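Examining the three-dimensional arrangement
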Amino acid sequence: MPATMRLSTAWRRGLLLSGVVAVVLAVAALLATGLGRDPAAVASPLVGRTAPAFRLAGLDGPAVQMSDLRGQVVVINFWASWCAECRTEQNALNATWTRFRDSGVTVLGVDFQDTTADARDYMGSQGITYPVVQDTESTTALAYGLRGVPETFVVDQAGQIVDRFIGPADAGKLATRINTLLQAGSS
Amino acid sequence: MRSPAAKGHPPTAGATAQSANTQTANTQTAPTQRATEQSTATQTATIRTQRSPAPLLAVASLRRQLPALIVALALIATAVTLMVVSAFGAPAGGRAAQVQQIASGLRCPVCKDLSAADSPAPLAGQMRQQIAQQVAAGRSENQIRDGFIAAYGESVLMSPPHTGLGQTAYLLPALLMGSGLVVVVVLLRRWRREPERAEADGGASAGSTTSPSDREIVDQALLRLREEERR
């Protein structure tokens, strides 16, 4: 009887230890997976799918239709004049536009929940030269699953969303992705 | 045998009990008669108990099972209430009510734990407007909801979906409730058995608090003492 009890206690301890080890390993695996990801690149059901169609009025130019941009790499950036983080990413977007505008890349700004006057002032002060459209009823924002500004989507030549970045866009990451798409498109 | 009462003496309790069947004499005083009646009633009750113990046992068993019955009734009442609320909870209404209902099932994307119906955020307002347009266009509730899921994923739903991993949110509580019920039943049965077991153990060792080994030592000591006395 005591031998059985001793065995039972040892078995219980072993089981408890295995459970603790399993939980620790699971947490470590979860952390390793999570820490290896780019926090700005957020999983979205839209990534890998055709970019939702839209036709929006230009702020200081012609209306833009998504289908007209097919065959180009499109960087769609949702922004607003009242958004502080949008100012921090502005240089990266301007640099991307300057660098790739003649390589079959379009940077498109989508003004979100803003007034036309404020948006114009912002564009002037930030030196924006790429096309900007206004999403007055937020229909495009909802179609793209927007959770706030700034958010940036990269669309390939076939019209599929390949990346979604939440928060200020990074020039380096954008350039890497664009170069990959351009190389894939030319081969 | 004649009772002491019949002889004119005040009856003792034991004597009264012995003479229960013969105590009808008019010479008895009032307290004596009352005592006799009580004794007779006790005896009759004892006889009744001996003849048919079933009703008393049933009452005792019912008392023991009462906590289990109360718990079972409470669980059944909870389950029935939940079923009724989930079946008839959604109020019927017009187009505005339908928009409200769909919006209340969708999370406001720029808020923390607020539905599109409750949020004052402009984007939530646009969601309600879009829902209203789609309802007017004749799209079904599922079609509208699927449209938002396509853009935001299932996290846009206020409650988890009934498919895939979301099912665990519905199955787990039922599973936990079932497990809890089993634990409650097992514990109640164990608690019910414990007093019986204690009673049985108490009866077996009544009047003796010594262990068998102690008793053996005492017996041997007594034997030695008796042998010494004989000498």
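Just above, that's the structure.
Chains are numbered independently. Their residues run from 1 in the order of the written sequence. Each chain takes a letter, starting from A, and each ligand takes a number, starting from 1, following the order in which they are written. Given that this is a predicted model, residues contribute local features only at a pLDDT of at least 70 and side-chain atom pairs are listed and counted only at 80 or more, while totals for whole chains, interfaces and linings are drawn from all residues. The basis for every side-chain value is the complete set of heavy atoms in the structure, and neither hydrogens nor water enter the calculation.

**A closer look at the pairing of strand S7 (residues 161–166) of chain A**
Residues and elements named next belong to chain A. To keep things clear, this is the line we draw: Here the term buried applies to any residue with accessible area under 20% of the maximum for its type, exposed to any over 50%, and partly exposed to those in between, with areas from a 1.4 Å probe on protein chains only. Runs of E in the DSSP output that reach at least two residues are strands. Runs of H or I that reach at least four are helices, and both are numbered from the N terminus. For two strands to be treated as a pair, DSSP must find no fewer than two bridges joining them.
The buried fraction of S7 is high, at 5 of 6 residues. Pairing between strand S6 (residues 151–155) and S7: 5 bridges, direction antiparallel. Bridging across to S7, Glu151 finds its partner in Ile166. Hairpin connection from S6 to S7: 5 residues lie between these consecutive antiparallel strands, with Gly159 at a positive phi of about 90°.

**Some words on the packing of helix H4 (residues 95–104) of chain B against helix H5 (residues 122–136) of chain B**
Residues and elements named next belong to chain B. Selection criterion: Orientation is described by lines fitted to C-alpha atoms, with helices fitted over the stretch in contact, and by angles between N-to-C directions that extend from 0 to 180 degrees. Note that the term roughly parallel is reserved for angles under 35 degrees, roughly antiparallel for angles over 145, roughly perpendicular for angles of 65 to 115, and oblique for everything else. Working rule for handedness: look at the near helix, and if it is turned counterclockwise from the far one by less than a right angle, call the crossing left-handed; if clockwise, right-handed. Working rule for contacts: check all heavy atoms of both residues, and any pair within 4.5 Å makes them a contact. Here the term charged refers only to Asp, Glu, Lys and Arg, the term nonpolar to Ala, Val, Leu, Ile, Met, Phe, Trp, Tyr, Cys and Pro, and the term polar to all other amino acids, Gly among them.
Interaxial distance between H4 and H5 falls to 9 Å at its minimum, and their mutual angle equals 130°. By the angle class used here, H4 and H5 are oblique. Judged by the sense of rotation from one axis to the other, the crossing of H4 with H5 is right-handed. Each of Arg95, Gln98, Val99, Ile102 and Ala103 in H4 lies in contact with H5, whose residues at this interface are Arg128, Ile131, Ala132, Val135 and Ala136. Grouping the amino acids of the contact of H4 with H5 by side-chain chemistry returns 7 nonpolar, 1 polar and 2 charged.

**What to know about the layout of surface pockets**
All names here are of chain B. What counts, and what does not: Using protein atoms alone on a 1 Å grid, points that fit a 1.4 Å probe yet trap it form a cavity, whereas open point sets bounded by protein on both sides within 12 Å along at least five of seven lines form a pocket; residues with an atom within 4 Å of a point count as lining. Grid points are joined across faces, edges and corners, and a volume is the space filled by probe spheres set on the points.
By volume, the second largest pocket amounts to about 210 Å³. Lining the second largest pocket are 15 residues, and of these Pro67, Ala68, Val184, Val185 and Leu188 sit closest to its centre. If you tally residues by element for the lining of the second largest pocket, the top one is helix H3 (residues 54–88), at 8 residues. For the lining of the second largest pocket, the residue count by class is 11 nonpolar, 1 polar and 3 charged.

**Overview of the pattern of salt bridges**
What counts is decided by this rule: Here, a salt bridge means any side-chain nitrogen of Lys or Arg that lies within 4 Å of a carboxyl oxygen of Asp or Glu.
Within this structure, the stated rule accounts for 5 salt bridges over all chains. Residue Arg177(A) is joined to Asp163(A) by a salt bridge in which the shortest nitrogen-to-oxygen separation is 2.4 Å. One end of the pair, Arg177(A), is in helix H5 (residues 171–186); the other, Asp163(A), is in strand S7, with 14 residues separating them in the sequence. According to the relative accessible area criterion, Arg177(A) is partly exposed, its value standing at 26%. On the basis of relative accessible area, Asp163(A) is assigned to the buried category, the value being 13%. Measuring nitrogen to oxygen at the nearest pair gives 2.4 Å for the salt bridge that ties Glu141(B) to Arg145(B). Residue Glu141(B) and its partner Arg145(B) are both found in helix H6 (residues 141–152); the two are separated by 4 residues, about one turn of the helix. Taking the relative accessible area as the measure of exposure, Glu141(B) reaches 24% and is therefore partly exposed.

**Overview of a nonpolar patch on the surface**
Short version of the rule: A patch consists of residues whose relative accessible area exceeds 30% and which take part in no salt bridge; residues with like charges are grouped when within 9 Å of each other, and nonpolar side chains (Val, Leu, Ile, Met, Phe, Trp, Tyr) when within 5 Å. In these tables, accessible area is a Shrake-Rupley quantity obtained with a 1.4 Å probe, and a residue counts as shielded only by the protein chains included in the view.
A contiguous nonpolar surface patch, about 410 Å² in accessible area, is contributed by Val23(A), Val27(A), Leu31(A) and Leu35(A). Summarising the element assignment, Leu35(A) is placed in helix H1 (residues 2–35).

**Structural notes on the sheet that holds strand S3 (residues 73–79) of chain A**
All names here are of chain A. Taken together, 5 strands build an open sheet; the order of strands is S5-S4-S3-S6-S7 and the sheet is mixed. Because the sheet does not close on itself, it has two edges, and the strands there are strand S5 (132–135) and S7. Ignoring strand direction, the axes of neighbouring strands in this sheet form an average angle of 20°. As judged from the 4 bridges shared by strand S4 (residues 105–112) and S5, these two strands associate in the parallel manner. Within S5, the residue paired with Asp111 across the bridge is Gln134.

**Details of the interface of chain A and chain B**
We apply this condition: Summed over both partners, the accessible surface that disappears when two parts come together, traced with a 1.4 Å probe, is what is meant by buried area. Polar contact is defined as a pair of N or O atoms within 3.5 Å, subject to the rule that within protein one atom must be able to donate a hydrogen and the other to accept it, and that residues adjacent in sequence are counted only when both atoms are side-chain atoms.
Counting residues at the interface gives 18 residues for chain A, matched by 15 residues for chain B. Across the chain A to chain B interface the summed buried area is about 1,200 Å²; carbon plus sulfur atoms make up 53%. Seen at the junction of chain A and chain B, the total is 0 salt bridges. On the surface where chain A and chain B come into contact, there are 4 residue pairs in polar contact (both at pLDDT 80 or more). Per-element tally for the side of chain A that touches chain B: the top contributor is helix H4 (residues 139–143) of chain A, with 4 residues. Grouping the amino acids of the side of chain A that touches chain B by side-chain chemistry returns 8 nonpolar, 7 polar and 3 charged.

**Overview of the nonpolar core**
Applied cut-off: Buried Ala, Val, Leu, Ile, Met, Phe, Trp, Tyr and Cys residues form a nonpolar core when they are joined through side-chain atoms within 4.5 Å.
Core analysis: the biggest nonpolar cluster contains 66 residues, and Met66(A), Ile76(A), Phe78(A), Tyr144(A), Leu106(B) and Ile131(B) have the highest contact counts within it. A total of 6 residues in this core trace back to one element, the largest contributor, which is S3(A).

**Here we look at the pairing of S4(A)**
Residue and element names in this part refer to chain A. The criterion, for reference: With the strands pointing away from the viewer, any crossover whose connection runs clockwise from the first strand over the helix to the second is right-handed.
With 8 of 8 residues buried, S4 lies mostly within the body of the structure. On S4, burial covers both faces: Val105, Val107, Gly109 and Asp111 on one face and Thr106, Leu108, Val110 and Phe112 on the other are all buried. With 7 bridges joining them, S3 and S4 adopt parallel strand pairing. In the sheet register, Asn77 faces S4, and the bridge partner there is Gly109. Crossover handedness for the path S3 to helix H2 (residues 84–100) to S4: right-handed.

**Quick word on the packing of H2(A) against H5(A)**
All names here are of chain A. H5 packs onto H2 with a crossing angle of 30° between their chain directions and a minimal axis gap of 9 Å. On the basis of the axis angle, H2 is roughly parallel to H5. The handedness of the crossing between H2 and H5 comes out as right-handed. When H2 is examined against H5, the residues Ala92, Leu93, Thr96, Arg99 and Phe100 are found in contact with a partner set consisting of Ala171, Leu174, Ala175, Ile178, Asn179 and Leu182. Among the residues forming the contact of H2 with H5, the class breakdown is 8 nonpolar, 2 polar and 1 charged.

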